[in-house]
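# Tertiary structure, described
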Amino acid sequence: MSDPEIEDLVGDTSPSFEHVLSCVFGVRDHESRAYLALLEYPGSTVSELADALDRDRSNVNRSLSTLREKGLVERRRRLLDSGGYVYQYTAIPVPEAKRRLHDALDEWVADVHDAIDAFDPDER
């Protein structure tokens, strides 16, 4: 299964927010679901999120790593009273995610317009 890409949105007249997130940021649908779950359960640990999503912890951990790389999730270390620490994850706020989605789509559309404008059949 290939990763969704922004081009996958073309022709989809009513994409879900989850699908748009996947295509624009190049993440898989299960990673988008992890982002949405963190909106509902901010400050979750990998284990808590794995339980909420009914997925394996290692898979959730990989999803969170990808989402952090894309700037959609933030990680904070919390010290435990018993010693040691645990990481807690929080999704960036929806308005920020929407702004980033709009910016990425605007950039892509501008690139498509440039490709159209640059087309010259005499140079083929």
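An unreviewed UniProt entry annotates the protein chain as MarR family transcriptional regulator originating from Halorubrum salinarum.

### Digging into the packing of aromatic side chains
Per the counting criterion, the structure on display carries one aromatic pair. Positioned over the ring face of Tyr87 is Arg75, at 3.8 Å from the centre of the ring.

### Section: the pairing of strand S1 (residues 73-79)
Relative to strand S2 (residues 85-91), S1 runs antiparallel, the two being bridged by seven bridges. Its bridge partner being in S2, Glu74 is matched across the sheet by Thr90. The loop that links S1 with its antiparallel partner S2 comprises five residues; one of these, Gly83, has a positive phi angle of about 100°.

### Concerning the UniProt feature "domain: Transcription regulator TrmB N-terminal" (unreviewed entry) in the protein chain
Taken from the UniProt record, the annotation "domain: Transcription regulator TrmB N-terminal" (unreviewed entry) applies to residues 21-93. Regarding residues 21-93, the helix share stands at 52% and the strand share at 19%, and the terminal C-alpha atoms are separated by 13 Å.

### Quick word on the pattern of salt bridges
Pairing of side chains with opposite charge becomes possible as their charged atoms draw close. Taken as a whole and judged by the stated rule, the model has four salt bridges. Glu18 is paired through a salt bridge with Arg33; the nearest N and O atoms lie 3.4 Å apart. Of the two residues, Glu18 sits in helix H1 (residues 17-25) while Arg33 sits in helix H2 (residues 29-40), which places them 15 residues apart along the sequence. On the basis of relative accessibility, which here comes to 40%, the residue Arg33 falls in the partly exposed class. Residues participating in the shared-partner salt-bridge network are Glu96, Arg99, Arg100 and Asp103.

Conventions used here
Residues numbered from 1 in each chain as written. Predicted model: local features only at pLDDT ≥ 70, side-chain atom pairs only at ≥ 80, totals over all residues. Heavy atoms only, no water. Phe/Tyr/Trp six-rings, centres within 6.5 Å; stacked < 30°, edge-to-face > 60°. Lys NZ or Arg CZ within 6 Å of the ring centre and 35° of its normal. Pairing = 2+ DSSP bridges. Helix = DSSP H or I, 4+ residues; strand = E, 2+ residues; numbered from the N terminus. UniProt positions renumbered as here; feature names shortened; annotations may be inferred. Salt bridge = Lys/Arg side-chain N within 4 Å of Asp/Glu carboxyl O. Buried < 20%, exposed > 50% of the residue type's maximum accessible area, 1.4 Å probe, protein only.

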